[in-house]
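Single-letter residue listing:
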Protein chains: 2
Amino acid sequence: MSETEIDPAHAEAIVETNLDEDDRLKPEFVTAVLTHVEAGDDEGTRALVAPLHPADIADLFELVPGEMRRPLAAAIADMLDGDVLSEMNEWVREELIDALAPHEVAEIATQLETDDAVAIIEELEEDEQRAVLRAMEPDDRAAIEEALSYPEESAGRLMQRDLIAVPEHWTVGDVLDYLRSNEDLTTDFWEIFVVDGRHHPVGTCNLSWILRTPRAIAVADVMKREQTLIPVDMDQEEVALRFQKYALISAAVVDQSGRLVGMITVDDIVHIIQEEAGEDILRLSGAGDDDINQPVVDSYKARVRWLLANLLTALVASTIIGIFEGTIAKMVALATLMPIVAGVGGNAGTQTMAVTVRAIATNQLTQSNTVRAIVREIRIALLNGLTVAAVIGCGVAIVFANPALGAVIAAAMLTNIVIAGLSGVLVPVALDRMDVDPAVSSSIFVTMTTDSMGFLAFLGLATAAGLAG
Amino acid sequence: MSETEIDPAHAEAIVETNLDEDDRLKPEFVTAVLTHVEAGDDEGTRALVAPLHPADIADLFELVPGEMRRPLAAAIADMLDGDVLSEMNEWVREELIDALAPHEVAEIATQLETDDAVAIIEELEEDEQRAVLRAMEPDDRAAIEEALSYPEESAGRLMQRDLIAVPEHWTVGDVLDYLRSNEDLTTDFWEIFVVDGRHHPVGTCNLSWILRTPRAIAVADVMKREQTLIPVDMDQEEVALRFQKYALISAAVVDQSGRLVGMITVDDIVHIIQEEAGEDILRLSGAGDDDINQPVVDSYKARVRWLLANLLTALVASTIIGIFEGTIAKMVALATLMPIVAGVGGNAGTQTMAVTVRAIATNQLTQSNTVRAIVREIRIALLNGLTVAAVIGCGVAIVFANPALGAVIAAAMLTNIVIAGLSGVLVPVALDRMDVDPAVSSSIFVTMTTDSMGFLAFLGLATAAGLAG
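Residues numbered from 1 in each chain as written. Chains lettered and ligands numbered in written order. Predicted model: local features only at pLDDT ≥ 70, side-chain atom pairs only at ≥ 80, totals over all residues. Heavy atoms only, no water.

### Considering the interface of chain A and chain B
- Facing 139 residues of chain A, the contacting portion of chain B comprises 138 residues.
- The contact between chain A and chain B buries some 12,700 Å² in all, and 62% of this surface belongs to carbon and sulfur atoms.
- The largest per-residue losses of area from chain A upon contact with chain B belong to Leu211(A), Arg212(A) and Ile292(A), which jointly make up 7% of the total buried on that side.
- Between Lys245(A) and Asp59(B) there is a salt bridge, with the nearest N and O atoms lying 3.6 Å from each other.
- Applying the counting rule to chain A against chain B returns 57 residue pairs in polar contact (both at pLDDT 80 or more).
- Here the side of chain A that touches chain B gets 18 residues from one element, more than from any other, and that element is helix α20 (residues 333-361) of chain A.
- Looking at side-chain class alone, the side of chain A that touches chain B contains 68 nonpolar, 37 polar and 34 charged residues. (Contact = heavy atoms within 4.5 Å. Buried area = accessible area lost by both parts, 1.4 Å probe. Salt bridge = Lys/Arg side-chain N within 4 Å of Asp/Glu carboxyl O. Polar contact = N/O pair within 3.5 Å; in protein donor to acceptor, adjacent residues only side chain to side chain. Helix = DSSP H or I, 4+ residues; strand = E, 2+ residues; numbered from the N terminus. Nonpolar A, V, L, I, M, F, W, Y, C, P; charged D, E, K, R; others polar.)

### Some details on the relation of the copies chain A and chain B
- Expressed as a screw operation, the relation of chain A to chain B combines 0.0 Å of axial shift with a rotation of 180 degrees, fitting to an RMSD of 0.1 Å. What the superposition gives is, in effect, a two-fold axis relating one chain to the other. (Least-squares fit on C-alpha atoms with pLDDT ≥ 70 in both.)

### Structural notes on the domain arrangement of chain A
All names here are of chain A.
- For chain A, the domain assignment lists domain 1 (2-151), domain 2 (165-284) and domain 3 (296-464).
- Here domain 2 and domain 3 have C-alpha centroids that lie 48 Å from each other.
- In total, domain 2 and domain 3 occlude about 740 Å² of area from one another, counting both sides; carbon and sulfur atoms represent 55% of this.
- Of all residues in domain 2, Asp280, Arg283 and Leu284 bury the most surface against domain 3, accounting for 72% of the area lost on that side.
- Our count for the contact surface shared by domain 2 and domain 3 stands at 2 salt bridges.
- Between Asp437 and Arg283 there is a salt bridge, and its shortest N-O distance comes to 2.7 Å.
- Taken together, the links from domain 2 to domain 3 amount to 3 residue pairs in polar contact (both at pLDDT 80 or more).
- By residue class, the composition of the side of domain 2 that touches domain 3 is 3 nonpolar, no polar and 2 charged. (Domains from an automatic or database assignment.)

### Examining helix α20 (residues 333-361) of chain B
Residues and elements named next belong to chain B.
- With 29 residues, α20 should reach 42 Å at 1.5 Å per residue; the first-to-last C-alpha distance of 43 Å fits that figure.
- Extensive coverage of α20 is indicated by the burial of 27 of its 29 residues.
- Asn363 occupies a position one or two residues after α20 and carries a positive phi of about 60 degrees. (Expected span 1.5 Å × (residues − 1). Buried < 20%, exposed > 50% of the residue type's maximum accessible area, 1.4 Å probe, protein only.)

### Things to note about the nonpolar core
- Among the nonpolar cores identified, the biggest contains 134 residues, and Leu60(A), Phe61(A), Ile264(A), Leu60(B), Phe61(B) and Ile264(B) are the most heavily contacted of them.
- Contacts of Ile264(A), omitting those with residues within four sequence positions, involve Ala155(A), Leu158(A), Met159(A), Ile230(A), Val239(A), Phe243(A), Ile249(A), Ser250(A), Ala251(A), Val253(A) and Ile269(A).
- In terms of nonpolar packing, the next biggest core, distinct from the first, is built from 86 residues, Ala314(A), Leu337(A), Ala457(A) and Phe455(B) among them. (Core = buried A, V, L, I, M, F, W, Y, C linked by side-chain atoms within 4.5 Å.)

### Regarding empty space enclosed by the protein
- Applying the stated rule across the entire model yields 7 cavities of 30 Å³ or more.
- Estimates place the volume of the largest cavity at around 900 Å³.
- Along the wall of the largest cavity there are 45 residues; nearest its centre are Asn347(A), Thr350(A), Thr447(A), Asn347(B) and Thr350(B).
- If you list the elements that add at least two residues to the lining of the largest cavity, you get α17 (266-284), α18 (296-323), α20 and α23 (438-464) of chain A together with α17 (266-284), α18 (296-323), α20 and α23 (438-464) of chain B.
- In terms of residue class, the lining of the largest cavity is built from 22 nonpolar, 21 polar and 2 charged. (1 Å grid on protein atoms, 1.4 Å probe; cavity = no way out; pocket = protein on both sides within 12 Å on 5 of 7 lines; lining within 4 Å. Points joined across faces, edges and corners; volume = space filled by probe spheres on them.)

### A short note on the packing of α17(A) against α20(B)
- Relative to each other, α17(A) and α20(B) sit at 155 degrees, their axes nearing to 9 Å. Compared by their axis directions, α17(A) and α20(B) come out roughly antiparallel. Considering the relative orientation of α17(A) and α20(B), their crossing is right-handed. Residue-level inspection shows Gln274(A), Gly278(A), Ile281(A) and Leu282(A) of α17(A) in contact with α20(B), the latter providing Ala354(B), Val355(B) and Arg358(B).
- Across the contact of α17(A) with α20(B), the residue classes break down as 4 nonpolar, 2 polar and 1 charged. (Axes fitted to C-alpha atoms, helices over the stretch in contact; angles between N-to-C directions. Parallel < 35°, antiparallel > 145°, perpendicular 65-115°, else oblique. Left-handed = near helix turned anticlockwise from the far one by under 90°.)

### Observations concerning the UniProt feature "transmembrane region" (unreviewed entry) in chain A
Residues and elements named next belong to chain A.
- Per the UniProt record, the feature "transmembrane region" (unreviewed entry) sits at residues 304-324, 380-401, 407-431 and 443-468.
- From the first C-alpha to the last, residues 407-431 spans 36 Å; its make-up is 100% helix and 0% strand.
- Segment residues 443-468 splits into 85% helix and 0% strand. End C-alpha atoms: 34 Å apart. (UniProt positions renumbered as here; feature names shortened; annotations may be inferred.)

Here it is as structure tokens:
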């Protein structure tokens with residue numbers, strides 16, 4: 001183990017020098033590395049990068065300009081191992097891997113646990129995938145090919161095949177002897193799985209229980225029989241929710257016949273929880289799965305679709321205004337005030353929608369409490385609506401010296417905020433029932449509703465009240 | 001261990017009956033429980049609830065109507081233990097705990113690990129806190145009081161004090177004997193910490209390494225010296241990022257002098273990652289830290305502040321429209337079209353802002369790549385702007401049979417989308433530099449910019465072009 005040769009005080013000093021208080025690489029450090037790379041000083045570059053943790057080396061690649069990534073990779077080629085690549089942003093990784101020969105990718109993938117190797121290989125084009133797989137040892141290739149046979153983002157792709165499974169009739173002593181005498185078992189595991197004759201999991205043992213139990217006791221007497229099993233085709237978002245709900249460290253993955261086929265550990269889940277929770281904010285805003293490392297053209301394609309959809313909904317609102325052109329022509333102040341009603345309503349809708357989308361994503365909102373959630377949002381909307389309506393109503397009545405105009409804008413504001421609250425909860429709930437991701441499509445519908453209804457309520461009431469008469 | 005008495009096939013059948021495919025309690029099950037509670041049939045209620053996992057019992061309380069929570073708690077009082085409470089939504093928990101006597105809360109807290117006990121006690125009013133602490137055993141009380149002395153949301157509140165620390169001169173055999181002979185050590189741990197004479201951590205051992213090493217080897221030869229230490233006053237969001245970045249299962253917490261004072265495990269971090277990542281979507285939409293279990297009045301207070309702030313920014317936009325009343329009076333079609341420019345611009349700004357806020361929250365965007373991120377957004381904005389401008393420009397030119405009007409709206413749209421892209425990245429970056437949470441305040445500024453600039457560009461250009469002449 002080479003780690004043991006690093007003096008800890010020294011290692012800590014390096015970490016403290018290169019990272020800021022938020023654990024991010026300092027700009028000075030990144031600049032220093034770039035200077036060495038540009039000067040072709042591979043020795044200097046390597047000396048700087050060597051003390052970094054793989055996760056920090058991955059960050060370094062993300063932080064340097066795109067055109068410097070390949071020269072940097074060339075300078076520190078032997079440090080660019082699987083651990084670094086599996087920590088790297090997928091776009092940056094793709095860029096680097098494109099520059100590697102298939103046998104180089106195969107070599108890197110071989111060092112990794114199956115799940116990390118799969119994460120790298122699944123992103124390649126199909127012919128590159130085949131070339132890389134051909135360059136691998138038959139055993140490794142078989143494991144990767146099996147993983148690739150499961151759907152994307154499923155438990156089968158996340159799991160690793162290296163795990164410790166022991167028969168239920170073994171004693172703690174048998175387990176200890178087995179672990180000590182088998183050199184090529186995996187070293188990083190937190191629980192061992194106990195299986196029956198058909199290789200079906202019947203229980204799980206924390207390593208700490210094994211450590212604290214005398215050798216003669218049977219594992220069947222120490223293990224926990226209640227286990228959370230993960231079906232191999234389960235979606236990764238569900239896997240993440242299950243890990244979170246039951247506070248799991250690792251879990252057995254079973255195939256359709258109930259056989260133990262792999263294990264998922266929490267460190268792989270942590271990334272998914274972060275991703276899935278962060279995804280909703282991007283989807284709700286119409287930015288798809290964008291991130292700052294995505295190529296400009298891909299981001300453009302994802303975002304422009306949304307803007308064009310938004311253009312359509314804006315045309316609906318515009319058509320509604322068009323109906324009232326006669327009223328506006330007589331009283332231009334209406335044109336000045338109408339965006340206020342639409343805008344604040346839009347915001348109220350977005351608030352409700354965000355709360356609802358989160359509650360659905362975290363399994364907090366189910367059929368059992370939907371009605372209660374709707375009633376709650378109506379009550380909040382009424383309180384919000386009355387407050388904002390009072391403020392804008394009085395303000396307009398005074399500034400325009402026109403109490404009727406104040407009353408109209410107040411009534412329109414209250415109406416629109418209540419409609420916003422209703423659509424903010426009903427739209428995501430309805431989409432979820434139809435098995436459509438509420439984060440992706442809710443805001444188009446909610447914005448269209450609050451815009452259109454804002455203009456309709458305000459201009460309609462103004463016309464009905466004969467304000468512009 | 002009572003778990004071992006449950007027949008696994010039976011337990012699995014129950015789980016499959018009560019939970020839907022997303023691991024949520026089925027509405028039929030919730031209704032069945034409510035029927036028993038309403039009928040005063042405690043036996044029946046307990047029979048239904050008994051097979052549930054604590055996390056599911058916690059969910060059950062969240063799913064039943066507010067007025068049924070206390071009757072349910074009374075019916076299954078002995079199952080309402082610390083594990084259930086620590087899994088429960090904080091608002092629902094507060095409601096239940098308010099109904100308990102201090103000695104009952106103290107009893108529940110005593111069963112828990114320090115971090116979970118602290119999570120329950122820190123939410124109480126100060127006098128309730130004191131009463132609960134007085135009812136606890138001196139040892140437990142001291143541990144809780146010490147935890148409460150650390151800032152809220154800091155590592156000190158998250159950590160547990162029960163951990164395994166061994167001196168560096170011990171052998172693996174010494175560790176095994178120590179673990180087996182000390183009954184009252186904690187049973188759930190994943191790593192042991194090796195400390196020097198001053199109780200400073202010098203290394204960490206996975207339990208799997210201990211299990212696979214002969215008894216005579218020194219722990220100092222097995223342990224990993226590179227460790228990620230957590231300062232006791234570190235903010236929980238930073239702790240979560242560190243766990244994620246370095247894929248930690250547990251980590252040592254040290255005080256300012258470097259002494260080992262506690263341990264944080266990944267199962268506590270998983271909740272925080274989910275919370276922090278989900279928080280941004282709520283904050284960005286102005287819903288604060290709302291969730292569907294928060295009392296209506298609290299949600300109202302948080303949200304109405306935001307709506308009133310939004311009202312102010314809408315007034316700015318309205319004032320800008322007011323400047324052009326003369327132009328609008330001459331050509332009412334401008335009033336019909338102007339919300340399109342503002343609305344689509346607002347959406348483009350929100351997209352950029354969401355991507356930027358996420359990148360900042362996940363430490364992907366630092367000083368080293370800020371300029372690159374800004375250039376990237378300008379390029380995307382130009383592509384988006386040109387596309388949307390072409391569509392709306394041609395459309396308006398044809399529908400209104402007015403090419404000049406088409407040109408004006410196209411130019412205004414392009415301008416506003418570029419401004420939106422710029423403000424969507426600059427506002428969060430600037431707020432972050434000023435140590436203000438960009439998720440909380442960005443959208444007010446960005447929306448104000450895109451609204452005002454949308455109206456200004458469109459009406460200004462229309463006036464300058466003499467369209468309404």
